[in-house]
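Report on the structure
Below, each chain spelled out in residue letters.
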Amino acid sequence: MSTQTSDEKLDETKMTAKNILHLVIICMGVALYALNSLITSTLLPSAVDDLGGVEFINWSALLYTTAAMIASLATGTAKSKIGGRAILTIAGVVFAIGSLLVSLAPSMELFLLSRIVQGAGGGLILASCYTVISDLFPRGLWPTVFAMESVVWGVASIGGPLAGGIFAETIGWRGGFYVVTACAVLVVILVRTTFPRHEITSKTTHSSGKTSLPLLRLGLLASSVLIVAMANRLPDYAILLLILGLMIFGLFLYRDKKAETTLLPRHGLSLFHTSGTGLAIVFLTMLSAVSFMVYGPYILQKTHGFSPLSAGFMVAVESLSWSLAAMLCAKLPQNTHWRLYLIPVGVFIALLGVYGIAISLYGGPLWLLSIAIFLAGAGFGIFWADLSSVIIETGNKEEQDRRSGAIPTLQMCGAAFGPAIAGIPAAIIGFGEDADLATIEQTAYWVHAIFIPVLAIATILALNMVHLKRREIETTLLASTPELI
């Protein structure tokens, strides 16, 4: 009996040919989302030169990310109704249509509308590639699958900006999106021909009738981002719209906390709980992480004479430093009392990096800008793994999966709000088609400097989270110590 059990466990950790094929397809789906997000950062300056509308340069990222965020939150419910094979097929088709529309767009307005379609498909693909893992792989292979997806993210974060620069210099920005379209079609074909047709269990089917999309909460979340984004177009009302957008985001958090089935953990972003504070840090740091990706390549090309490929390399430096710092920190001793302090240290290093980018993006020197970009990425690499671990392990075990899922959700929230908020000082300054060098200089500074207070708050919260976590550890130790008689 024990020999049979051990054989079964061994089989669960052994990759079959079908497992390998499914793993390749899932990694292709993850790469499709990750590469597209980063390729666009270096293709966008060329698209703006062709279509005009430089004042909308931040809208490409915020509309794409907002659509992806809403679609990803709806994926679990959709999968429970129609199955993983069907939802991945729909996702790939929507993404391919959106990518094709982007490549054919005759104006910036249609380009942005197409990015919404593309983002919706991308969000469905990304979330589906995680939700189908339990259907396609035995439990023993899950760590391998997740590890491979992490590798894909790392490669895409470095290769994406470089690929975008190569496309811009060779086949043009439209050709780059044609390539993305072809990759999406290939993923759809592979899903249709290799994924099992009947992966919906009776349990899923039974529960699907009780599961409904939280349309009101999703609507509040999308509205909060778009209202903040409208401040870019109405700079005279920027502060009012920013406050209104954040209030609606607060209403989303409140409604979610009161809902029977929540999207976030019950404590939400509560600063009185360790996991809630951690999730608040995720949101605030991601809020500050995308400004260089949005504005950096354009300003580097216009003021420093960078080629698209050179600008893509500068974006890749940030991703590379994130990966290097993460690998180095992973080698440090685990379960030590000082490891928690990597979180506030990392956030503060990211703050220094963002400040360095703000003061050197326009006027240089380039060596200082390179160091600042490296520090901004390295800061995230230092704190991200430990922050994620603290969030997941702290709190009720019943909500552990929800805390895990809240991390990418709030990543997307921050990545959507970030470009919207960065566009406010750009709009007030007058950044646009006919902007002179003085205007570009102010824009280069303020689209980054606006996030310095945000990262300062995140640093303080990180210190407080360390205090909360250490207090929890001490309480647990005291409770487990036997009383002396």
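Up top is the structure these notes are about.
Residues numbered from 1 in each chain as written. Predicted model: local features only at pLDDT ≥ 70, side-chain atom pairs only at ≥ 80, totals over all residues. Heavy atoms only, no water.

This brings us to the overall build of the protein. Along its length, the protein carries 19 helices and zero strands. Over its C-alpha trace the protein gives a radius of gyration of 23 Å, about what one expects of a compact globule, namely 23 Å for 485 residues. Evaluated residue by residue, the protein yields a buried proportion of 53% over its 485 residues. For the protein, restricting intrachain contacts to residue pairs at least 6 apart in sequence, the fraction spanning at least 24 positions comes to 81%. Here the protein holds 28 positive side-chain charges and 28 negative ones, and the gap between their average locations is 9 Å. (Helix = DSSP H or I, 4+ residues; strand = E, 2+ residues; numbered from the N terminus. Rg over C-alpha atoms; globule rule 2.2 N^0.38 Å. Buried < 20%, exposed > 50% of the residue type's maximum accessible area, 1.4 Å probe, protein only. Contact = heavy atoms within 4.5 Å. Lys, Arg positive; Asp, Glu negative; His and termini not counted. Charge placed at Lys NZ, Arg CZ, Asp CG, Glu CD.)

Moving on, we get to a nonpolar patch on the surface. Residues L332, W338, Y341, V345 and L463 make up a contiguous nonpolar surface patch of about 420 Å² in total accessible area. On the secondary structure map, W338 appears in the loop between α14 (308–330) and α15 (342–360). (Patch = residues over 30% accessible without salt bridge, like charges linked within 9 Å, V, L, I, M, F, W, Y side chains within 5 Å. Areas by Shrake-Rupley, 256 points an atom, 1.4 Å probe, with all protein chains shown as cover. Salt bridge = Lys/Arg side-chain N within 4 Å of Asp/Glu carboxyl O.)

Mapped onto the secondary structure, S323 falls in helix α14. As a C-alpha pair, S323 and E398 span 75 residues in sequence and 31 Å in three-dimensional space.

Core analysis: the largest hydrophobic core is formed by 137 residues, its most contacted members being F111 and Y295. No other element matches helix α2 (residues 17–51), which puts 14 residues into this core. The contacts of F111, once residues within four sequence positions are left out, are L44, A47, L51, S60, V102, A105, W173 and F177. The next biggest cluster of nonpolar side chains, apart from the first, holds five residues, and it includes C329, L342, A378 and I382. (Core = buried A, V, L, I, M, F, W, Y, C linked by side-chain atoms within 4.5 Å.)

Here we take up the packing of aromatic side chains. On inspection of all chains with the given rule, the structure shows 16 aromatic pairs. Residues F111 and W173 carry aromatic rings whose centres are separated by 5.8 Å and whose planes lie at 70° to one another, so their mutual orientation is edge-to-face. One end of the pair, F111, is in helix α5 (residues 108–131); the other, W173, is in helix α8 (residues 172–194), and 62 residues separate them in sequence. The two residues F111 and W173 agree in class, both being buried. Cluster of aromatic residues (ring-pair linked, three or more members): F249, F252, F283 and F417. (Phe/Tyr/Trp six-rings, centres within 6.5 Å; stacked < 30°, edge-to-face > 60°.)

Once that is clear, we can look at the packing of α2 against α5. The N-to-C vectors of α2 and α5 enclose an angle of 165°; their axes lie 9 Å apart at closest approach. Judged by the angle between their axes, α2 and α5 are roughly antiparallel. The interaxial crossing formed by α2 with α5 has left-handed handedness. In this structure, α2 contributes I26, G29, V30, L32, Y33, N36, T40, L44, A47, V48 and L51 to the contact, and α5 contributes M108, F111, R115, Q118, G122, G123, I125, L126 and C129. (Axes fitted to C-alpha atoms, helices over the stretch in contact; angles between N-to-C directions. Parallel < 35°, antiparallel > 145°, perpendicular 65-115°, else oblique. Left-handed = near helix turned anticlockwise from the far one by under 90°.)

Attention now goes to the pattern of salt bridges. In the structure shown here, the tally under the stated rule is five salt bridges. A salt bridge links D49 to K302; its shortest N-O distance comes to 2.9 Å. With D49 in helix α2 and K302 in helix α13 (residues 291–303), the pair connects residues that are 253 residues apart, well separated along the chain. The partly exposed category is assigned to D49, whose relative accessible area is 48%.

Turning to the environment of L43, a few remarks are in order. Within the element layout of this structure, L43 appears in helix α2. Sequence separation of L43 and F167 is 124 residues, and the distance between their C-alpha atoms is 7.6 Å.

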